[in-house]
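# Report on the structure
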Amino acid sequence: MIDENSKNLIIRMFHVHKNYGSKNAIIDITLDIPQNEFLFISGPSGAGKTTLLKLLYLGESVSKGQVLIDGMNLSRISRKRIPFLRRKFGIIFQDYKLIPSKTVFENVALVLEAKGIKKRLTQKKVRNILRVVGMEDRPDSFPPSLSGGEQQRVAIARAVAGDPKIILADEPTGSLDSESADIILDLLKRFHKRGTTVIIATHSKELIHKTGGRVIYLKKGRLMKET
């Protein structure tokens, strides 16, 4: 039963472990994340940052412990409910994961089509989102013709198209120049101001210093400290 103090917590993790055979990727992490927080997960390569994000949207399942997302206990969720869980998330990857054979417009529209949104509403919403991320002049372009920064802006547009409660960004600026990285960070801040919880996994201290907010540090799968 959720108590009064936990009502604004959109993510709760209780003594979570993740093992890959004999390798311990996540070790005994307990963590609460309030709704509308802008949170960084930091640590060196191999610390468990990406694994932790995957556990939230059931990209991986926990080996031990419990994860609650917006009141849903992931250890009790049925396979049929997993798509509904994932609609709570917008996910941004370092390597973009856009479909190269589809246009910018089509990549973003896919999210809305999957939700059964009518074509006319989908077209209107995609145009609006592309305007917000500064890609309104490239709807018919294909991802391979875009720069890294442009592809990441399209990836953000796709991530927010379904109005997610939570944005997960895994090293979203890792392969970008500083100017493009600043644009991506500003976009994430903009969606955070609209009420979205934003969680960024990064090893970049510069990125964290530009933003502020809470930072949790992982090392070899363990939560070492919070600042």
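Here is a short report on the structure shown in this document. Because the structure is predicted, anything quoted here is derived from the model rather than measured.

### Thoughts on the sheet that holds strand S2 (residues 23-34)
- With antiparallel pairing, 4 strands are arranged side by side in an open sheet as S2-S1-S4-S5. The sheet is open, and its two borders are formed by S2 and strand S5 (72-73), each paired with just one other strand.
- For strand S4 (residues 64-69) and S5, the ladder comprises 2 bridges, and the chain directions are antiparallel. Residue pairing in the sheet places isoleucine 69 in a bridge with methionine 72 of S5.

### Some words on the layout of surface pockets
- Here the largest pocket defines a volume of roughly 480 Å³.
- Those elements giving two or more residues to the lining of the largest pocket turn out to be helix H2 (82-86), strand S6 (89-92), helix H3 (104-114) and helix H5 (148-160).
- Of all the elements, S6 adds the most residues to the lining of the largest pocket, at 3 residues.
- The class makeup of the residues in the lining of the largest pocket is 9 nonpolar, 2 polar and 5 charged.

### Concerning helix H6 (residues 178-193)
- End to end, H6 covers 22 Å across 16 residues, agreeing with the expected 22 Å (1.5 Å per residue, within 8%).
- For H6, the set of buried residues is Ser180, Ala181, Ile184, Leu185, Leu187, Leu188, Phe191 and His192. Down the axis of H6, the buried set is contained in an arc of 155 degrees. They therefore lie on one face. Exposed residues lying more than 90 degrees from the buried face of H6 are Ser178, Glu179 and Lys193.
- Residue aspartate 177 occupies the N-cap position of H6, its side-chain oxygen lying 3.1 Å from the main-chain nitrogen of glutamate 179.
- Downstream of H6 by one or two residues, glycine 195 has phi in the positive range, about 115 degrees.

The rules we used
- Residues numbered from 1 in each chain as written.
- Predicted model: local features only at pLDDT ≥ 70, side-chain atom pairs only at ≥ 80, totals over all residues.
- Heavy atoms only, no water.
- Pairing = 2+ DSSP bridges.
- Helix = DSSP H or I, 4+ residues; strand = E, 2+ residues; numbered from the N terminus.
- 1 Å grid on protein atoms, 1.4 Å probe; cavity = no way out; pocket = protein on both sides within 12 Å on 5 of 7 lines; lining within 4 Å.
- Points joined across faces, edges and corners; volume = space filled by probe spheres on them.
- Nonpolar A, V, L, I, M, F, W, Y, C, P; charged D, E, K, R; others polar.
- Expected span 1.5 Å × (residues − 1).
- Buried < 20%, exposed > 50% of the residue type's maximum accessible area, 1.4 Å probe, protein only.
- Arc of directions from axis to C-beta.
- Polar contact = N/O pair within 3.5 Å; in protein donor to acceptor, adjacent residues only side chain to side chain.

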